[in-house]
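Take a look at the letters that make up each chain.
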Amino acid sequence: MDASASETLELVDTHCHLDDGRFGRSLEEVLGRARAAGVTRFVVPGVVPEGWGEIARIARKHAGVFAAPGLHPMRAKLYGSETLRELERSLDGAVAVGEIGIDPSYKDVPRELQAEAFRGQLRLAVAAGLPVLIHCRRAFDETLRILREERVERVGGIMHAFSGSAETARACIDLGLLVSVAGTVTYGNAVRPLEVVRAVPPDALVLETDAPDMTPEPHRGLPNEPAFIIETARRVAELKGVTVAELARVTSANARRLLRI
Ligand SMILES: [Zn+2]
């Protein structure tokens, strides 16, 4: 992309694990490449309590980086009243609670425990007036039921790396949630992500990388990084029949409105 094009772009990566060890010392360069590609804001979700301090540190240190601490469903065994209190203390300066949810593919973490950790953190987010970043795979009925019961519409949230059907996407939007599209939409064999992008109205769409995972084409095989969000933006713009600049403008406005960034 040439410099004049990147000047007009304003992209928000609503989900990137900048605290991941795979970035390490190269974070400054990673952010530099992202800014050159038009990415102006980065939301870093939590995974485990011992990472929340580092996320907050990265957010304080780098302009445009925002923290969203939370306990990932794959680590729900760490959930308890002490973890919840620690999370509450970590919310100072945070823009969301994440990533939280239910994912039965983590077979060693009992689903009931995942649901308990999800609900507890969701309640904390609602009490704190913060939106949530939701991780859900193959558990949409239960996840949506809990979101509905806890009245998530009071704070809103993002369905991160959405992997459900177009119908499920519409159910999420009815709950006041945004649907986040990741790099899978660029894959040659993608079917569902394309249907979802076509079905979701522009005002409910946001973009993410989930870096360093889920690398989009044509960079597959490399660790993912926020600069690559442009590939996802191009594909989504093509599917929506709008320019990349227009798609960037709308999706960034959606993310900024929800997260107040
Ligand atoms: Zn993630």
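Scroll up for the structure.
Participant: Looking at this model, I keep getting lost on the pairing of strand E2 (residues 39-45). Mind explaining?
Facilitator: The two faces of the sheet receive side chains in turn, since in a regular strand these alternate between them. Burial analysis of E2 places 6 of its 7 residues in the buried class, which makes it a mostly covered element. Taken together, the 3 bridges between strand E1 (residues 11-13) and E2 define a ladder with parallel strand orientation. Bridge pairing links Val12 to Arg41 in E2. On the question of chirality, the crossover connecting E1 to the parallel E2 by way of helix H2 (residues 27-36) is right-handed. In this sheet, strand E3 (residues 65-68) lies alongside E2 in parallel orientation, the contact comprising 4 bridges. In the sheet register, Val44 faces E3, and the bridge partner there is Ala67. For the crossover that starts at E2, traverses helix H3 (residues 49-61) and ends in the parallel E3, the hand is right-handed.

Participant: Quick question: what am I supposed to make of the environment of Leu194 here?
Facilitator: With respect to the element layout, Leu194 can be found in helix H8 (residues 192-199). The spatial distance from the C-alpha of Leu194 to the C-alpha of Ala37 is 23 Å, given a sequence separation of 157 residues. Discounting chain neighbours no more than four positions away, the residues touching Leu194 are Val185, Arg235 and Leu239.

Participant: Any chance you could explain the sheet that holds strand E5 (residues 132-136) here in plain terms?
Facilitator: Strand pairing within a sheet occurs via backbone hydrogen bonds; the two strands may be parallel or antiparallel. Taking strand neighbours across the sheet as the criterion, the 5 strands line up as E4-E5-E6-E7-E8 in an open arrangement whose pairing is parallel. Two strands bound the open sheet, and with one partner strand each, they are strand E4 (97-102) and strand E8 (205-207). Neighbour-to-neighbour, the strand axes of the sheet open up by a mean angle of 35 degrees, direction not taken into account. Judged from the 3 bridges that link them, E5 and strand E6 (residues 157-159) form a sheet pairing that is parallel. Directly across from Val132, in E6, lies its bridge partner Gly157.

Participant: Could you clarify how one ought to interpret helix H9 (residues 229-240) in this entry?
Facilitator: One turn of an α-helix holds 3.6 residues; hence residues three or four places apart share an orientation. For H9, with 12 residues, the first-to-last C-alpha span of 16 Å sits near the 16 Å given by 1.5 Å per residue. Listed in full, the buried residues belonging to H9 are Ile229, Ile230, Glu231, Thr232, Ala233, Val236, Ala237 and Leu239. Summarising the contacts, the buried residues of H9 are in contact with E1, E2, strand E7 (177-181), H8, E8 and helix H10 (244-259). Trailing H9 by a residue or two, Gly241 shows a phi angle of about 70 degrees, which is positive.

Participant: What is the right way to look at the coordination of the zinc ion in this model?
Facilitator: Around a metal, the perfect tetrahedron of four donors has angles of 109.5 degrees, and the perfect octahedron of six donors has angles of 90 or 180 degrees. Within the protein, the zinc ion binds to His15 (NE2), His17 (NE2), Glu99 (OE) and Asp210 (OD); these donor distances fall in the range 2.1 to 2.6 Å. Taken together, the 4 donor atoms surrounding the zinc ion define angles of 88 to 176 degrees at the centre, an arrangement classified as irregular. The sequence pattern formed by the donor residues of the zinc ion is H-x1-H-x81-E-x110-D. Of this pair, His17 sits in the loop between E1 and H2 while Glu99 is found in strand E4, placing the two residues 82 residues apart along the sequence.

Participant: How should the sheet that holds E2 be read in this particular structure?
Facilitator: An order of E1-E2-E3 is seen for the 3 strands of this open sheet, with the pairing classed as parallel. With one partner strand each, in any of the chains shown, E1 and E3 form the two edges of the open sheet. Direction aside, the axes of adjacent strands within the sheet are offset by 20 degrees on average. Its contacts with the sheet place H3 against E2 and E3, and it is angled at close to 155 degrees to E3. Its contacts with the sheet place H10 against E1 and E2, and it is angled at close to 50 degrees to E1.

About the thresholds
- Here, residues in each chain are numbered from 1, in the same order as that chain's written sequence.
- Reporting of local features is limited, given that this is a predicted model, to residues whose pLDDT is at least 70; pairs of side-chain atoms are given and counted only at 80 or more, and all residues count toward the totals for whole chains, interfaces and linings.
- For the side-chain quantities, the full set of heavy atoms in the structure was used; hydrogens and water were omitted.
- Note on exposure labels: buried denotes an accessible area under 20% of the residue type's maximum, exposed denotes more than 50%, and partly exposed covers the range between, all computed with a 1.4 Å probe on protein chains only.
- A run of DSSP states H or I qualifies as a helix once it reaches four residues; a run of E qualifies as a strand once it reaches two. Both are numbered from the N-terminal end.
- If DSSP finds at least two bridges between two strands, the strands pair.
- Throughout, right-handed denotes a crossover for which the path from the first strand over the helix to the second runs clockwise when the strands point away from the viewer.
- Contacts between residues were defined by any pair of non-hydrogen atoms, one from each residue, lying within 4.5 Å.
- An axis is simply a line fitted to the C-alpha atoms; with a helix, the fit covers only the stretch in contact. Between two such axes, the angle follows the N-to-C directions and lies from 0 to 180 degrees.
- Here the expected length of a helix is defined as 1.5 Å per residue gap, with one fewer gap than residues.
- Metal donors: N, O and S atoms at distances within 2.8 Å, or within 3.2 Å for Na, K and Ca, with water omitted from the atom set so that some sites may seem incomplete.
- Under the classification used here, a metal with four donors is tetrahedral if each angle lies between 85 and 135 degrees, square planar if opposite donors are over 155 degrees apart and the others between 65 and 115, a six-donor metal meeting that same test is octahedral, and anything else is irregular.

Fair warning: the whole summary comes from geometry, so function is off the table for now.
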